[in-house]
Amino acid sequence: MERILFLAHTDSENALPATAREVLRGAVDLAGSLEAELSVGLFGREVEAAADTISACGAVRFLGVAGDDFGVSRYSTDVAAGEALVGAANPTIIIAPSTSRVARSLPGTAQRVDGRVDTRITGLSVEGRELRVQRWYYRQRMVATQTRAQRPWFLVVESGVFEPWKGEGGAAEIEEVSVPLTDVHRRTEVLGLEEAAADTQTIRPDAEVLFVAGAGWTKKQQDGQAHAKEAESLIRRFLDASRASLGSSKSLVDQSGEGQDVIPFMTHLNQVGQTGATPRHPKGLSTCCHGEEPHVVGWRFITERRAVNLDPNCGWARGKADVLYVADAFEVMEKVNALLEAKATPIQR
Ligand SMILES: Cc1cc2nc3c(=O)[nH]c(=O)nc-3n(C[C@H](O)[C@H](O)[C@H](O)COP(=O)(O)OP(=O)(O)OC[C@H]3O[C@@H](n4cnc5c(N)ncnc54)[C@H](O)[C@@H]3O)c2cc1C
């Protein structure tokens, strides 16, 4: 019989990150399908409060590694915490959420306990008594369903795959697991977090909406002139009011390299597509972007797709969007911004 360990860390508020609740749902369902025993292992500065919120998840054991040393994201201590929790729970399958902290440290834990790790998992299923995992390859173009004989098997699961686990809170009985640390573990000192200023951070993985800007924003418009400054203002106002994540077509981000007048807060990191990112959001709105296949392939995980384009024969019109508005994006976004700004509270304004 498989023994499953759900492994996660608490955040700076000593709570579980949103992704952890989603992946816990997957672990709980999997334990049911495999008739496996489920344990929970948490590490962080404090873990009790977080464990209490998931005390009804059906886990037979709650294991915790807590202390200031584990309150920060540091490879050496995170790997050691994972190793200690795996040692205490003795699982055959370890399921963890794909936070940057887990993604960085869990492969190291797997190595230390002679396990195998698979990352970027986007699905868990059971066939017969066998666990199958889903994973995308070749820039999200090919999907594979695979399994492994090696145990322990570590799985780092992506966000947006499962609905978050919900249930009554309670009092979880935590078994404290000690981790012997030396000065070597503490050699890297974490001084703090430096975040990008709120107005320059345009990539927001947790946003409800992905807003994509294409090269049309900088092209000559009906009056024969380009209106890059106006485009910049419209896009920025929309991002401020909606808190959407900003994506771009390759053509638009490439223009900065060619010295053209472009949107200054756009970089190659915003590029969506075959040679860009494949973000996950419930909704997407494309503007002034043609919707060519190398771009649209990056929309694979956008559930509801809408586009604004002057051209009724653009790529989006050919089955790539759920709704295409054949309209001038400058006019549409001016109207959308006015509506959003009218709704905003004085503080948001
Ligand atoms: C190997 C390879 C990999 C690639 N990888 C990527 C990738 O990862 N990501 C990517 O994006 N592309 C990629 N491309 C490029 C891709 O094929 C397209 O060239 C690119 O996506 C086009 O960008 P665009 O739609 O913004 O620009 P354009 O094709 O120039 O389209 C601009 C659009 O704006 C519209 N428009 C103009 N003004 C307005 C207005 N006022 N209102 C509404 N609409 C307006 C026009 O009708 C037009 O449809 C790749 C290409 C290759 C060959």
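The model shown is predicted, which means the values in this text are computed figures rather than measured ones.

What counts as what
- Residues numbered from 1 in each chain as written.
- Predicted model: local features only at pLDDT ≥ 70, side-chain atom pairs only at ≥ 80, totals over all residues.
- Domains from an automatic or database assignment.
- Contact = placed C-beta atoms within 7 Å.
- Nonpolar A, V, L, I, M, F, W, Y, C, P; charged D, E, K, R; others polar.
- Near = placed C-beta within 6 Å.
- Core = buried A, V, L, I, M, F, W, Y, C linked by C-beta atoms within 7 Å.
- Buried ≥ 20, exposed ≤ 12 C-beta atoms within 10 Å, placed from the backbone.
- Pairing = 2+ DSSP bridges.
- Helix = DSSP H or I, 4+ residues; strand = E, 2+ residues; numbered from the N terminus.
- Axes fitted to C-alpha atoms, helices over the stretch in contact; angles between N-to-C directions.
- Left-handed = near helix turned anticlockwise from the far one by under 90°.

### Concerning the domain arrangement of the protein
Alright, step 1. Examined at the domain level, the protein breaks down into domain 1 (3–176) and domain 2 (209–343).
Alright, step 2. Contact with domain 1, which involves five residues of that partner, is made by six residues of domain 2.
Alright, step 3. Taken together, the residues of the side of domain 1 that touches domain 2 sort by class into no nonpolar, three polar and two charged.

### Some thoughts on the site of the ligand
Alright, step 1. Inspection of the region around the ligand gives 30 residues, with Gly214, Gly216, Ser249, Gly273 and His295 positioned closest.
Alright, step 2. For the shell around the ligand, the residue count by class is 11 nonpolar, 14 polar and five charged.

### As for the nonpolar core
Alright, step 1. The biggest cluster of nonpolar side chains holds 57 residues, and the ones touching the most others in it are Ile4, Phe6, Ala27, Ile95 and Leu155.
Alright, step 2. Beyond its immediate stretch of four places on either side in the chain, Ala27 contacts Ile4, Phe6, Leu38 and Ile95.
Alright, step 3. Phe238, Val262, Val296 and Ala307 belong to the second-largest nonpolar core, a separate cluster that totals 33 residues.

### A short note on the pairing of strand S13 (residues 302–309)
Alright, step 1. Two elements, strand S12 (residues 281–287) and S13, share six bridges in a ladder whose sense is parallel. Counterpart to Thr287 in the pairing with S13 is Val308.
Alright, step 2. Looking at chain direction, S13 and strand S14 (residues 323–326) are connected through four bridges and run parallel. Directly across from Val308, in S14, lies its bridge partner Tyr325.

### Things to note about unusual backbone geometry
Alright, step 1. The step from Arg151 to Pro152 runs through a cis peptide bond, and the omega angle for that step is 0°.
Alright, step 2. You can see Pro152 is positioned in the loop between strand S7 (142–146) and strand S8 (153–157).
Alright, step 3. For Asp114, which is not glycine, the phi torsion reads 60° and is therefore positive.
Alright, step 4. Its location among the elements puts Asp114 in the loop between helix H4 (100–112) and strand S5 (116–127).

### Observations concerning the environment of Val102
Alright, step 1. By secondary structure assignment, the location of Val102 is in helix H4.
Alright, step 2. Exposure remark for Val102: the 26 C-beta atoms within 10 Å place this residue in the buried category.
Alright, step 3. The spacing of Val102 and Glu334 is 232 residues in sequence and 41 Å in space, taken between C-alpha atoms.

### Brief notes about the packing of helix H5 (residues 228–242) against helix H8 (residues 329–343)
Alright, step 1. Where H5 contacts H8, the two axes come as close as 9 Å, and the packing angle between them is 35°. Read as a crossing pair, H5 and H8 show a hand that is left-handed. Of H8, the residues touching H5 (which contributes Glu230, Leu234, Arg237, Phe238, Ala241 and Ser242) are Phe330, Met333, Glu334, Val336, Asn337, Leu340 and Glu341.
Alright, step 2. Tallied by class, residues from the contact of H5 with H8 come to seven nonpolar, two polar and four charged.

### Looking at the sheet that holds strand S3 (residues 61–66)
Alright, step 1. The strand order S7-S6-S5-S8-S4-S1-S2-S3-S9 describes an open sheet built from nine strands, whose pairing is mixed. Strands at the two margins of the open sheet, each flanked by one partner only, are S7 and strand S9 (174–176). With direction set aside, neighbouring strand axes in the sheet form an average angle of 35°.
Alright, step 2. Looking at chain direction, S3 and S9 are connected through three bridges and run parallel. Residue pairing for S9: Phe62 is matched across the bridge by Ile174.
Alright, step 3. Its contacts with the sheet put helix H1 (residues 18–34) on strand S1 (3–9), strand S2 (37–44), strand S4 (93–97), S5, strand S6 (130–137) and S8, and the angle it makes with S4 is roughly 155°.

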